[in-house]
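Notes for the structure review
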Amino acid sequence: MQTTASEDKVVYWGTGRRKSAIARVRLIPGSGGLTVNGKPGNIYFNRIASYIQSIKAPLETLGLENNYDILVTSHGGGLTGQADAVKLGVARALCELAPENRQPLKVEGYLTRDPRAKERKKYGLHKARKAPQYSKR
């Protein structure tokens, strides 16, 4: 938790990661806006409603969707990875806001980091698992 002296607003921080995407999330008391890297959320995520809904899902679980603005600094990965990273960051910031928020968020699965990532390429193969074509003769 961090407060700014000039505005006297409380800021709650959360960090989310997914694949190679990293999102630093700030929750500020406000009207429910979403800003990602200085752009409105619906423009940054190309007006894809499922990304916006998944990002705001932790807030909706607690009934706080119109009480906090979400400010995000995100880099790495693609839009899907960044959207999931922001969702985890929002959930972690809500846990910092009040410890009793942890249980409902955990039941819904918002505090679980998705461990799936790209598998490394192995020598002798074309990709991680794709082998060269087999020739009998």
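What counts and what doesn't
- Residues numbered from 1 in each chain as written.
- Predicted model: local features only at pLDDT ≥ 70, side-chain atom pairs only at ≥ 80, totals over all residues.
- Heavy atoms only, no water.
- Helix = DSSP H or I, 4+ residues; strand = E, 2+ residues; numbered from the N terminus.
- Expected span 1.5 Å × (residues − 1).
- Contact = heavy atoms within 4.5 Å.
- Core = buried A, V, L, I, M, F, W, Y, C linked by side-chain atoms within 4.5 Å.
- Buried < 20%, exposed > 50% of the residue type's maximum accessible area, 1.4 Å probe, protein only.
- Polar contact = N/O pair within 3.5 Å; in protein donor to acceptor, adjacent residues only side chain to side chain.
- Salt bridge = Lys/Arg side-chain N within 4 Å of Asp/Glu carboxyl O.
- Bend = angle between axes of the 7 residues up to and from the residue.

This part takes up helix α3 (residues 79-97). Over its 19 residues, α3 extends 27 Å from the first C-alpha to the last, a length consistent with the 27 Å expected when each residue adds 1.5 Å. Buried residues along α3 sit in contact with β2 (10-18), β3 (21-29), α1 (41-44), α2 (49-62), β6 (68-75) and α4 (102-108).

The biggest cluster of nonpolar side chains holds 29 residues, and the ones touching the most others in it are Phe45, Ile70 and Val72. If you list the elements that add at least two residues to this core, you get β3, β4 (34-36), α2, β6 and α3. Considering every element that reaches this core, the biggest residue donor is α3, with 8 residues. Apart from the residues within four sequence positions on either side, Ile70 is in contact with Val25, Arg26, Leu27, Gly33, Leu34, Thr35, Ile55, Leu59 and Val90.

Our next topic: unusual backbone geometry. Excluding glycine, a negative phi dihedral is what most residues carry, and trans is how most peptide bonds are arranged. We note that Asn37 has phi near 50°; this positive angle belongs to a residue other than glycine. Here Asn37 shows up in the loop between β4 and β5 (39-40). Judged by its relative accessible area of 34%, Asn37 falls in the partly exposed class. Even without being glycine, Asn46 reaches a positive phi, approximately 55°. With respect to the secondary-structure elements, Asn46 resides in the loop between α1 and α2. On the accessibility criterion, Asn46 (51% relative accessible area) is exposed.

In this fold, Gln82 is placed in helix α3. Within the structure, Gln82 has its side chain in polar contact with the side chain of Ser74 (distance 3.3 Å). Among residues more than four places away in sequence, those in contact with Gln82 are Ala21, Tyr44, Phe45, Ser74, His75, Gly76 and Gly77.

Attention now moves to the pattern of salt bridges. Counted according to the given criterion, the structure contains 5 salt bridges. Among the ionic pairs, Asp114 bridges to Arg18, the shortest N-O distance being 3.3 Å. Placement of Asp114 in the segment after α4 and of Arg18 in strand β2 is noted, with a sequence separation of 96 residues between them. Asp114 gets classed as partly exposed once you look at its relative accessible area, which sits at 22%. Arg18 sits in the buried class, given a relative accessible area of 9%. The closest approach of N and O atoms between Glu119 and Arg129, which form a salt bridge, is 3.1 Å.

On to α2. Over its 14 residues, α2 runs 20 Å from end to end, which matches the ideal 20 Å to within 8%, given 1.5 Å per residue. The largest bend along α2 reaches roughly 45° and is located at Lys56, with the proline Pro58 sitting one to four residues downstream. For α2, every residue scored as buried is listed here: Tyr51, Ile52, Ser54, Ile55, Lys56, Ala57, Pro58 and Leu59. Each element contacted by the buried residues of α2 is listed here: β4, α1, β6, α3 and α4. Where α2 ends, the next residue or the one after it, Gly63, has phi of about 75°, a positive value.

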